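Okay, here's what each chain looks like letter by letter:
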Amino acid sequence: MIPVTKTFLPPLEDYNLWVKRAFDNQWLTNRGELVNLLEDKLKAYLNIDWITITNNGTVPIQMALKLLAKGGEIITTPFSYVATTAAIVWENCTPVFVDIHPDYLTIDETKIENAITANTTCILATHVFGNPCNVEAIETIAKKHNLHVIYDAAHCFGVNYKGKSIFDYGDISTCSFHATKLFHTAEGGAMFTKNSDLKHQLFYSHNFGHDGPLAFHGLGVNGKISELQAAMGLSVLPYIDEILAGRKKVVDTYNTMLDFSRLRKLKIRENTEWNYSYYPVIIESEDKLLKIQRELNEIDIMPRRYFYPSLNTLPYVKHTDMPVSENTAKSILCLPLYVGLEAIQIEKIARIIK
Ligand SMILES: *Cc1c(COP(=O)(O)O)cnc(C)c1O
């Protein structure tokens, strides 16, 4: 079977060595040696000054909203994974959807100001498939209207924009280290900020609010990642350049083998060092998409409909029409992309699509 993605598994010996360290330390969670070490290595690799790694990529979005959104209206994108919208509703905030740009697939910044009301507190946007939002325009709008900006950067490990990590943009940025993501800890995630008050608040929030064993800074939750998950991250990280190069090779092969006369591909924003995280194609119609999907499935090739459905149509949000997002969701298919996917398979996929 050719799945849409395959988790990168480091050599088991590598993982065993790190797990042995956790056993030797007799320390399995609560920020032990391995969690601290992984954070240091990630800071160096990503060239950022602060990170706290977490148990997944959703809890940090919830913590960011808890700290910044105060139950208000959140301007957000309808084209993302469900976690983005679900976090907003879970935190008792109201999602206010703004349609997306048809080529970049990120929130259409020119439509944000129309959606702002007296109750708006935040913009929560997703850098879709690792493709940055128009971060400058969003920052200008946020400053003008006194709003906070949170980026769901779940897909963005290794993405740089204008020479710096995409995680450096926005008041708070979050990432996912889920096994389906390009760098992973099986389950895991991270949060990023440059603001020293937010560093403090996010850090205590992810550890029940603790200020030492007997006192509390404030309200918190359990967002901690374990030593065993950090062991996976420490085993995967040395292969990250290999992972990125292996994915680039697959993307380049798709780019040469697919016929784009009747297909559209994702337009990567200018000044971006992209991470080859997904290979979406936009097909002329949903009928054609379903036909392509059926024919690929017949020979055990399993593309995925990321993202479907458009999040403004979820059963627990107020429905507003988002034509670009709804049409994109109906006609976009993510093709298999992982290290080691062979050119001969890509050729087969390209032929069936054609
Ligand atoms: C994967 C993903 C998440 C959730 O991350 P988890 O680590 O699975 O909680 C959030 N947003 C987007 C856009 C994602 O793709």
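Definitions and limits used
Within any chain, residue numbers begin from 1 and follow the written order of that chain's sequence. The predicted nature of this model means local features are confined to residues of pLDDT at least 70 and side-chain atom pairs, given and counted, to a pLDDT of 80 or more, with totals for whole chains, interfaces and linings taken over all residues. To obtain the side-chain values, all non-hydrogen atoms of the structure were used and water was disregarded. Among buried residues, the Ala, Val, Leu, Ile, Met, Phe, Trp, Tyr and Cys ones that are joined through side-chain atoms within 4.5 Å form a nonpolar core. Relative accessibility decides the category of a residue: with a 1.4 Å probe and only protein chains considered, values under 20% of the type maximum give buried, values over 50% give exposed, and everything between is partly exposed. Start and end positions for the domains come from either an automated domain assignment or a database one. The contact criterion used is simple: two residues touch if any of their non-hydrogen atoms lie within 4.5 Å. For each residue, the test is whether any non-hydrogen atom lies within 4 Å of the molecule or strand; if one does, the residue is near. Definition of a polar contact: a pair of N or O atoms within 3.5 Å, with one able to donate and the other able to accept a hydrogen when the atoms are protein atoms, and with sequence-neighbouring residues admitted only if both atoms are side-chain atoms. Where accessible areas are quoted, they stem from the Shrake-Rupley method and a 1.4 Å probe; at the residue level, only the protein chains shown are allowed to cover. Only one rule defines a salt bridge in this text: a Lys or Arg side-chain nitrogen within 4 Å of an Asp or Glu carboxyl oxygen. Secondary structure counts use DSSP, requiring at least four H or I residues in a row for a helix and at least two E residues in a row for a strand, with both numbered from the N terminus. Here, a strand pair is defined by DSSP locating no fewer than two bridges between the strands. Every angle, taken between N-to-C directions, lies between 0 and 180 degrees, and every axis is a line fitted to C-alpha atoms, over only the stretch in contact when it is a helix. By definition, the buried area sums, over both parts, the 1.4 Å-probe accessible area that each loses when the two are put together. To pair, rings of Phe, Tyr and Trp, with the six-membered ring standing in for Trp, must have centres within 6.5 Å; the planes then decide the type, stacked if under 30 degrees apart, edge-to-face if over 60, and tilted in the middle. Here, a charge over a ring is recorded when the distance from Lys NZ or Arg CZ to the ring centre is within 6 Å and its angle to the ring normal is within 35 degrees. Throughout, the term roughly parallel applies to angles under 35 degrees, roughly antiparallel to angles over 145, roughly perpendicular to angles from 65 to 115, and oblique to all others. Take the far helix as your reference; a near helix turned counterclockwise from it by less than a right angle gives a left-handed crossing, and one turned clockwise gives a right-handed crossing. Think of it as three bins: nonpolar holds Ala, Val, Leu, Ile, Met, Phe, Trp, Tyr, Cys and Pro, charged holds Asp, Glu, Lys and Arg, and polar takes everything else, Gly as well.

1. A closer look at the nonpolar core
The nonpolar side chains of a soluble globular protein tend to be buried with one another. Judged by nonpolar contacts, the single largest core of 54 residues is most densely connected at Leu42, Ile53, Ile112, Phe157 and Phe183. Here this core gathers at least three residues from each of two domains, domain 1 (12-238) and domain 2 (239-353). Those residues within four positions of Phe183 in sequence are excluded, and the remaining contacts are Leu38, Leu42, Phe157, Ser176, Phe177, His178, Gly233, Val236, Leu237 and Ile240. Core analysis: the second largest hydrophobic core is formed by 38 residues, Leu258, Val281, Leu296 and Ile301 among them.

2. A word on the site of the ligand
Near the ligand lie 14 residues; those nearest to it are Thr58, Asp152, His155, Ser176 and Lys181. Here an oxygen atom of the ligand sits 2.7 Å away from a polar atom, N or O, in the main chain of Gly57. Within the side chain of Lys181, one N or O atom sits 3.2 Å away from an oxygen atom of the ligand. Contact with the protein chains covers 91% of the free accessible surface of the ligand, which is 380 Å².

3. Topic: the pattern of salt bridges
As enumerated under the stated definition, the model contains 18 salt bridges in all. A salt bridge links Asp259 to Lys354, with the shortest nitrogen-to-oxygen separation between them at 3.5 Å. Taken together, the residues span a long stretch of sequence, with Asp259 in the loop between helix H9 (240-257) and strand S12 (263-265) and Lys354 in the segment after helix H12 (343-353) at a distance of 95 residues. In this structure, a network of salt bridges that share partners links the residues Arg262, Glu284 and Lys288.

4. Describing the sheet that holds strand S15 (residues 332-335)
Taken together, the three strands give an open sheet; going across it, the order is S12-S14-S15, and neighbouring strands pair in antiparallel fashion. Both edges of this open sheet fall to S12 and S15, since each of them pairs with a single strand only. Neighbouring strand axes in the sheet, compared pairwise and without regard to direction, differ in orientation by 35° on average. Pairing of S12 with strand S14 (residues 279-283), which is carried by three bridges, proceeds in the antiparallel orientation. If you follow Leu263 over to S14, its bridge partner there is Ile283. Across the sheet, helix H11 (residues 323-331) touches S14 and S15, and the angle it forms with S15 is around 45°.

5. Observations regarding the domain arrangement of the protein chain
Domain parsing of the protein chain yields domain 1 (12-238) and domain 2 (239-353). Each of domain 1 and domain 2 was reduced to a C-alpha centroid, and the two centroids are 24 Å apart. On the side of domain 2, 38 residues touch domain 1, which itself brings 44 residues to the contact. Between domain 1 and domain 2, roughly 3,600 Å² of surface is buried when both sides are summed, and carbon and sulfur atoms account for 62% of that area.

6. Digging into the packing of aromatic side chains
A complete count under the given rule lists 15 aromatic pairs for this structure. Ring centres 6.2 Å apart and planes at 80° place the aromatic pair Phe79 and Phe129 in the edge-to-face group. Taken as a pair, Phe79 in the loop between strand S2 (73-76) and helix H4 (82-90) and Phe129 in the loop between strand S4 (120-126) and helix H6 (135-145) lie far apart in primary sequence, 50 residues in all. Of the two residues, Phe79 and Phe129, both sit in the buried class. Positioned above the aromatic ring of Tyr169 is the side chain of Lys164, whose terminal nitrogen or guanidinium carbon lies 4.8 Å from the ring centre. Across from the ring centre of Tyr104, 4.2 Å away, lies the NZ or CZ of Arg269, which sits over that ring.

7. Digging into the sheet that holds strand S3 (residues 94-97)
The sheet built from seven strands is open, its strands ordered S1-S9-S8-S5-S4-S2-S3 with mixed pairing. Lying at the two open borders of the sheet, with one neighbouring strand each, are strand S1 (52-54) and S3. Between one strand and the next, the sheet's axes are offset by a mean angle of 25°, whatever the strand orientation. Examined bridge by bridge, S2 and S4 share four bridges and lie parallel to one another. The residue of S4 that forms the bridge with Ile74 is Cys122. Across the sheet, helix H3 (residues 59-68) lies against S1, S2, S4, strand S5 (148-152), strand S8 (172-176) and strand S9 (189-192), angled at about 175° from S5, the strand it touches most.

8. What to know about the packing of H3 against H4
It is the contact of H3 with H4, at a shortest axis distance of 9 Å, that shows an interaxial angle of 40°. What the angle tells us is that H3 and H4 run oblique. In the packing of H3 onto H4, the handedness of the crossing is right-handed. For the pair formed by H3 and H4, the contact residues are Ile61, Gln62 and Leu65 on the first element and Ala87, Ile88 and Trp90 on the second. For the contact of H3 with H4, the class distribution of residues is five nonpolar, one polar and no charged.

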